[in-house]
Amino acid sequence: MKKLINSPETFVKESLEGMALAHPDLVKVHFDPNFVYRADAPVAGKVAVISGGGSGHEPMHGGFVGRGMLDAACPGEVFTSPTPDQMLEAARTVNSGAGVLFLVKNYSGDVMNFEMAADLARAEGIRVLNILIDDDVAVKDSLYTQGRRGTGTTVLAEKIVGAAAERGYDLKRLADLARRVNINGRSMGMALTSCTVPAKGTPTFELGENEIEIGIGIHGEPGRERIPWKPADEITEMLALSIIEDPAYTRTVREFDEEKGEWVDVELTDPPFQPGDRVIAMVNGMGGTPIAELYVVYRKLHFIAEAKGLKIVRNLVGNYITSLEMQGVMITLLRVDDEMIELWDDPVHTPALRWGV
Amino acid sequence: MKKLINSPETFVKESLEGMALAHPDLVKVHFDPNFVYRADAPVAGKVAVISGGGSGHEPMHGGFVGRGMLDAACPGEVFTSPTPDQMLEAARTVNSGAGVLFLVKNYSGDVMNFEMAADLARAEGIRVLNILIDDDVAVKDSLYTQGRRGTGTTVLAEKIVGAAAERGYDLKRLADLARRVNINGRSMGMALTSCTVPAKGTPTFELGENEIEIGIGIHGEPGRERIPWKPADEITEMLALSIIEDPAYTRTVREFDEEKGEWVDVELTDPPFQPGDRVIAMVNGMGGTPIAELYVVYRKLHFIAEAKGLKIVRNLVGNYITSLEMQGVMITLLRVDDEMIELWDDPVHTPALRWGV
Amino acid sequence: MQTLTRDHIVRWITHAAEVLEANKEYLTQLDAAIGDADHGINMDRGFKKVLSQLPSVQDKDIGTILKTVGMALISSVGGAGGPLYGTLFMRAGMAVGSKYELTPDDLVAMWRAAVEGVIQRGRAQLGDKTMVDALLPAVDAMQKALEQGGDIVAILQAGVAAAEKGRDATIPLVARKGRASYLGERSAGHLDPGATSSHLLLKTLLDVVTE
Amino acid sequence: MQTLTRDHIVRWITHAAEVLEANKEYLTQLDAAIGDADHGINMDRGFKKVLSQLPSVQDKDIGTILKTVGMALISSVGGAGGPLYGTLFMRAGMAVGSKYELTPDDLVAMWRAAVEGVIQRGRAQLGDKTMVDALLPAVDAMQKALEQGGDIVAILQAGVAAAEKGRDATIPLVARKGRASYLGERSAGHLDPGATSSHLLLKTLLDVVTE
Ligand SMILES: Nc1ncnc2c1ncn2[C@@H]1O[C@H](COP(=O)(O)OP(=O)(O)O)[C@@H](O)[C@H]1O
Ligand SMILES: Nc1ncnc2c1ncn2[C@@H]1O[C@H](COP(=O)(O)OP(=O)(O)O)[C@@H](O)[C@H]1O
Ligand SMILES: [Mg+2]
Ligand SMILES: [Mg+2]
Ligand SMILES: [Mg+2]
Ligand SMILES: [Mg+2]
């Protein structure tokens, strides 16, 4: 394993230190427990938006901390969910009194750790709601699995929800918006190569010289199928059509009911895409993909969306939610309304995403 | 070879098409000959800044076209200099009458093609000056080589010179600024892995399981030495000290003398770094390096600069000048004065670099 | 043996840390096959943290010790294993309270509470190919041994045997919880890493008691 | 043979395109060793473009044909090879002007002008391990053959022999121009790709003339 690290044990910490040194005007980093937070936190009167998850997906989430996006990000070890004390301490630090929204990707570890953190924070009198992101259409059957994984929509949700928090949405309204973003977003990815978790030191999975994995997860979880290499246009078509033609998807998630004061099961359904829908499109590199290749994918996606009657009103092309040095691509389509577009266009100033400022 | 492309022959074109589709408000693309140009070109009264070079280094140069940076970029085939007709047609398209500055990386192919283009453009009555970027300290001896290669400083020069052009600097003053940026910038890179040129289909060079190449060129040209893997801090130290302790470097470059109406040899000397110098630091990924690793490098660079009395006043950490999917890192340090810092901070709005707007 | 002492518990935890370190690679390999290749690494990191905190509580009551173990795991393991094993030890600690010695009844009640905590937290059912497949049969077997008048050793022997059987029974199962569930049919044919570490934990307790 | 006809030139260019296609891999491999692994690809792309433009000029004078070849190479090869070979053919075309046939004197004058153009453009000297190491000795040998009263065939034979020798002489050299120069000492022991393609071009002309 050849990586630009000093040791697997110090990797996450040193990377966070580097980020804090590079962007002292934007973010600060707290160690033990580890979290990245806005340099100007807590922002008076504003609901704090916190996300987190295993490291190895950079720039997500730490790179999205700053004005108009996250108030704090809690990084676990590489591909390992963070622990509740991280989220608890982050919540204490960035909560202005207006409450905290946890944006949680749907992995059993993340879900459980964020739930524990929410319980601990509430025990201290901090208002907390958790919203799950579960947008990966590669996972077909929610009955027999943990449900869909949280992937690309997380980035778009952090931007849109972060902007709304900046505008002063209250906790309840923010949670409703986050849930709405989630059920309107769908993603699917693929891998040309594996990645190597530093602590393990060998590739997470093996792909043959000419093999690719369609429907890969962001931790290298296996996808729908392993097939021989195909041209970019065909790969783009496989991903885009899986997303666009995905039928209504229904599952039960656990949310905290503030009135009842307990966790309740909520049934959510993703409405399928329809011709005429406006979408934000993200063509996301998995970390090791040259951006020039991502534009080849975007090109084809543009034509497919056009043919399907979807109007791409905004786009992101680049590495936003990655799997270490994995080569591959993920496509995310998020159906948006006027409110979401306006929030998307709002200023954002973070290490990895910046506009309007 | 597994890549997200349709074929080596169509790769550059389709990638450019994708970029144009993703950023119609910022850039347009012309084909046959190929170049990317500002959507609002020509900008009245403004000197046009044009760069270019082989493809495979994205986002450079096409991703830096837009307000406050380049007016046009001319991409060659992968790792192959563009041809003079591209620069000529680009110059015709973006020249507002105030003249054109070519920013040229010092590779024999680029130098010759840009010189030919300048001659052709001048024959049509377009004022053109060429400034070379040759900042790669890995190349020690200018007497016995083509001279230093143009690498990371190119990105910083495009930003600073682009801002000055936007402010209305005339051609002569802009060329002087570009030359000044070049002699104050130094870079050095290293590779953990090779890259594969699509048309060739196999890796450009072979590195052993535990080998790294120090002083790599952005086309995979060999560097100073091939050594066993080292921790990131040691690698950072090797690169940073090579840059910081590089002695004065003198070479002769060819520039066009407008008064004499001919190409003349100009002797240039890079002054060594001194304690107290203010610098812009770039920690640049070679295309396949996770950004989290780049921050590990930035962390150590920060401490080394501090120990050496250099003050990092601005920084860039990310993939800006790449070698396809190569894993590795390049460090660039640019000594700056107040004027350069101001120009650095000016608004920029391109596909790959954006702030202040 | 009719009492499990505080000293047993301390030695159990200490020894468990050694066992998990020794099995770090193995558990990680199991997780590589159907998960994300970190279970051994996570558990080892967690028990290293536990070891660092043990000295400060090892002369306290058993409840305090177990809750400290749980908190240490919760705040250092992460992933799915962290909340689950953290909850397991927290609930175990809460069940025994401030005791310094446990009767066979206490022991079984402790494990029952611990495993119920895991199920509540992770909502896995028997047959979902998780640690529950080792833990739940183990508790049921311990209960049965207790009802049959077994002592501490007999109870733990029954538990370990059932855990081992439950662990091995995960091999043919298709996962329905955790990362392995994304594999669908492809998860069959592999041992579940969490069930394996659960069996190791129980077995270590038995070893300490019988050594 | 005392005249080189327009037809020879057209067949030369056509055949050169085939030869470069056949040597695409080989030249690229040579460039992989000490450059950036594209010389064969570049030359092949360039001569494909040349072929596509040849029909529109093949009944024009030799100067027009060669300048068209030069322009096509300049606008399609890129890299170092493009301006150098482009200049070579441009200068050759300018030297022969609107002739339809070349005498031995014309032939040598044409090559002299062409190679001087390459040297002016690239500023390489003999021994820098570039195409100049094949081209310059070739021109000198052609000049000598001319002075000794050689005909077209004799002149080209002398040129090809010298080019071949010059090409092989690049092997031990340390490069001082082009990408290979970055290799320093490590560039020694390898054939220069540009010298190799230069020899091929000359040899193809000889083959066409003698076939
Ligand atoms: N919902 C759940 N309930 C019970 N056990 C679970 C659940 N999800 C996962 N597990 C257990 O956790 C183990 C994986 O733990 P670990 O690798 O540490 O976490 P992660 O899957 O987050 O990487 C699985 O082998 C399984 O036994
Ligand atoms: N300055 C120069 N003068 C003459 N020939 C040169 C010069 N620089 C490079 N060459 C020739 O060009 C060849 C490489 O051409 P090519 O691979 O097409 O271009 P690039 O090096 O830009 O990839 C070298 O083998 C060498 O013979
Ligand atoms: Mg994990
Ligand atoms: Mg080249
Ligand atoms: Mg795991
Ligand atoms: Mg080459």
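Rules behind the numbers
Residues numbered from 1 in each chain as written. Chains lettered and ligands numbered in written order. Predicted model: local features only at pLDDT ≥ 70, side-chain atom pairs only at ≥ 80, totals over all residues. Heavy atoms only, no water. Donors = N, O, S within 2.8 Å, 3.2 Å for Na, K, Ca; no water. Buried < 20%, exposed > 50% of the residue type's maximum accessible area, 1.4 Å probe, protein only. Salt bridge = Lys/Arg side-chain N within 4 Å of Asp/Glu carboxyl O. Helix = DSSP H or I, 4+ residues; strand = E, 2+ residues; numbered from the N terminus. Near = heavy atom within 4 Å. Polar contact = N/O pair within 3.5 Å; in protein donor to acceptor, adjacent residues only side chain to side chain. Areas by Shrake-Rupley, 256 points an atom, 1.4 Å probe, with all protein chains shown as cover. Least-squares fit on C-alpha atoms with pLDDT ≥ 70 in both. Contact = heavy atoms within 4.5 Å. Buried area = accessible area lost by both parts, 1.4 Å probe. Lys, Arg positive; Asp, Glu negative; His and termini not counted. Core = buried A, V, L, I, M, F, W, Y, C linked by side-chain atoms within 4.5 Å. Pairing = 2+ DSSP bridges. Axes fitted to C-alpha atoms, helices over the stretch in contact; angles between N-to-C directions.

### Some words on the coordination of the magnesium ion (ligand 6)
Geometry sets the ideal angles at a metal, namely 109.5 degrees for four tetrahedral donors and 90 or 180 degrees for six octahedral donors.
All names here are of chain D.
Stage number 1. Around the magnesium ion (ligand 6), the protein contributes the donor atoms Asp31 (OD), Asp36 (OD) and Asp38 (OD), at 2.0 to 2.1 Å from the metal centre.
Stage number 2. Read in sequence order, the donor residues for the magnesium ion (ligand 6) give the motif D-x4-D-x1-D.
Stage number 3. The two metals, the magnesium ion (ligand 6) and the magnesium ion (ligand 4), are separated by 3.5 Å and share Asp36 as a common coordinating residue. Accessibility classification places Asp36 together with Asp38 in one group, the buried group.

### Brief notes about the pattern of salt bridges
Side-chain pairs of opposite charge can arise whenever the charged atoms involved come near each other.
Stage number 1. If you walk through the whole model with that rule in mind, you get 89 salt bridges over all chains.
Stage number 2. The closest approach of N and O atoms between A:Lys13 and A:Glu17, which form a salt bridge, is 3.0 Å. On the criterion of helical spacing, the pair formed by A:Lys13 and A:Glu17 is a turn pair, its members being four residues apart in helix α1 (residues 11-22).
Stage number 3. Relative accessible area serves as the criterion here: at 39%, A:Lys13 is assigned to the partly exposed category.
Stage number 4. Residue A:Glu17 is classed as buried on the basis of its relative accessible area, which comes to 17%.
Stage number 5. Each member of the salt-bridge network shares a partner with another, and the members are A:Lys13, A:Glu17, B:Asp233 and B:Arg299.

### Details of the site of ligand 1
Stage number 1. Around ligand 1 sit 21 residues in total, of which C:Asp36, C:Asp38, C:His39, C:Ala80 and C:Asp192 are the nearest.
Stage number 2. Mapping the residues adjacent to ligand 1 onto the chains of the assembly identifies chains A and C.
Stage number 3. In the model, an oxygen atom of ligand 1 is placed 2.8 Å from a nitrogen or oxygen of the C:Asp36 side chain.
Stage number 4. Within the contact set of ligand 1, an oxygen atom lies 3.4 Å away from a side-chain nitrogen or oxygen of C:Arg179.
Stage number 5. Taking 560 Å² as the accessible area of ligand 1 by itself, protein coverage stands at 96%.
Stage number 6. For the shell around ligand 1, the secondary-structure elements that each account for two or more residues are α3 (39-53), α5 (81-96) and α9 (193-210) of chain C.
Stage number 7. If one sorts the elements of the shell around ligand 1 by residue count, α9(C) sits on top with three residues.

### So, the relation of the copies chain A and chain B
Stage number 1. For the pair chain A and chain B, the superposition axis carries a translation of 0.0 Å, the fit reaches an RMSD of 0.0 Å, and the rotation angle comes to 180 degrees. Both copies of the chain, as the preceding transformation shows, are related through a two-fold rotation axis. Considering only C-alpha atoms, the part of chain A nearest the rotation axis is A:Gly288, at 1.9 Å.
Stage number 2. Take the interface residues of chain A: 100% of them recur as interface residues in chain B, which is what a same-surface contact looks like.

### Focus: the interface of chain A and chain B
Stage number 1. Taken together, the contacts link 55 residues of chain A with 55 residues of chain B.
Stage number 2. Summing both sides of the interface, chain A and chain B together bury roughly 4600 Å²; the carbon and sulfur share of this comes to 60%.
Stage number 3. The largest per-residue losses of area from chain A upon contact with chain B belong to A:Lys2, A:Leu4 and A:Tyr295, which jointly make up 20% of the total buried on that side.
Stage number 4. Our count for the chain A to chain B interface comes out at two salt bridges.
Stage number 5. Between B:Arg299 and A:Glu17 there is a salt bridge, with the nearest N and O atoms lying 2.4 Å from each other.
Stage number 6. Joining chain A to chain B, the criterion identifies 26 residue pairs in polar contact (both at pLDDT 80 or more).
Stage number 7. When contributions to the side of chain A that touches chain B are tallied by element, the ones reaching two or more residues are α1, β8 (211-214), α6 (232-244), α7 (291-307), β13 (311-318), β14 (328-335) and β16 (354-355) of chain A.
Stage number 8. Of all the elements, α7(A) adds the most residues to the side of chain A that touches chain B, at ten residues.

### Thoughts on the site of ligand 2
Stage number 1. Near ligand 2, the surroundings consist of 21 residues, among which D:Asp36, D:Asp38, D:His39, D:Ala80 and D:Asp192 are the closest.
Stage number 2. Looking at what sits near ligand 2, you find residues from chains B and D.
Stage number 3. In the model, an oxygen atom of ligand 2 is placed 3.0 Å from a nitrogen or oxygen of the D:Met131 main chain.
Stage number 4. Here ligand 2, which alone exposes 570 Å², has 97% of that area covered by the protein.
Stage number 5. Secondary structure elements with two or more residues in the shell around ligand 2: α3 (39-53), α5 (81-96) and α9 (193-210) of chain D.
Stage number 6. Here the element with the most residues in the shell around ligand 2 is α9(D); it accounts for three residues.

### Considering the arrangement of the chains
Stage number 1. Among the three pairs of chains in contact, the pair with the most contacts is chains A and B.
Stage number 2. At the C-alpha level, the nearest point of chain A lies 19 Å from chain D, with no contact between them.
Stage number 3. When C-alpha atoms are compared, chain C and chain D, though not in contact, are closest at a spacing of 38 Å.

### Some thoughts on the side chain of C:Lys129
All names here are of chain C.
Stage number 1. In this fold, Lys129 is placed in the loop between α6 (104-122) and α7 (132-147).
Stage number 2. Buried charge Lys129 goes without a salt bridge, the closest partner of opposite sign being Asp192 at 6.7 Å.
Stage number 3. Among the polar contacts listed, one links the side chain of Lys129 to the backbone oxygen of Leu173, at a separation of 2.9 Å.
Stage number 4. Of note is the side chain of Lys129, whose polar atom sits 2.9 Å from the backbone oxygen of Ser187.
Stage number 5. Apart from residues lying up to four places away in sequence, Lys129 is in contact with Ile34, Thr170, Ile171, Leu173, Val174, Ala175, Ser187, Ala188, Gly189, His190 and Asp192.

### Remarks on the interface of chain A and chain C
Stage number 1. Between chain A and chain C, the residue contacts involve 33 residues of the former and 32 residues of the latter.
Stage number 2. The contact between chain A and chain C buries some 2600 Å² in all, and 55% of this surface belongs to carbon and sulfur atoms.
Stage number 3. Interface area lost by chain A to chain C is led by A:Met112, A:Met116 and A:Lys200, which between them contribute 21%.
Stage number 4. One salt bridge connects C:Arg123 with A:Asp265, and the closest N-O pair in it is separated by 3.3 Å.
Stage number 5. On the surface where chain A and chain C come into contact, there are ten residue pairs in polar contact (both at pLDDT 80 or more).
Stage number 6. Only α2 (84-94) and α3 (108-123) of chain A provide two or more residues apiece to the side of chain A that touches chain C.

### Here's the deal with the environment of B:Met1
All names here are of chain B.
Stage number 1. Locating Met1 in the fold gives a position in the segment before α1 (11-22).
Stage number 2. In this structure, the C-alpha to C-alpha distance between Met1 and Pro203, residues 202 residues apart in sequence, is 8.6 Å.
Stage number 3. In this structure Met1 touches Thr196, Val197, Pro198 and Gly201, once residues within four positions along its chain are discounted.

### Some thoughts on the nonpolar core
Stage number 1. Core analysis: the largest hydrophobic core is formed by 133 residues, its most contacted members being A:Leu101, A:Phe102 and B:Leu333.
Stage number 2. No other element matches helix α7 (residues 291-307) of chain B, which puts ten residues into this core.
Stage number 3. Once residues within four sequence positions are removed from consideration, B:Leu333 is found in contact with B:Asn184, B:Gly185, B:Arg186, B:Ile243, B:Ile244, B:Phe273, B:Val279, B:Ile280, B:Ala281, B:Leu301 and B:Leu310.
Stage number 4. With 132 residues, the next largest nonpolar core counts B:Met69, B:Cys195, B:Trp263 and B:Trp355 among its residues.

### A short note on the sheet that holds strand β3 (residues 48-55) of chain B
Residue and element names in this part refer to chain B.
Stage number 1. Ordered in space as β1-β2-β4-β3-β5-β6, the six strands form an open sheet in which the pairing is mixed. Each edge of the open sheet is held by one strand with a lone partner, namely β1 (27-30) and β6 (128-133). Each neighbouring strand pair of the sheet contributes to a mean axis angle of 20 degrees, computed without reference to strand direction.
Stage number 2. Here four bridges tie β1 to strand β2 (residues 35-38), and the two strands are oriented antiparallel to one another. Among the inter-strand pairings, Val27 is bridged to a residue of β2, identified as Arg38.
Stage number 3. Sheet strands touched by helix α4 (residues 153-167): β2, β3, β5 (100-105) and β6. Its angle to β5, the strand with the most contacts, is close to 170 degrees.

Read these as layout, nothing more, since geometry by itself doesn't imply function.
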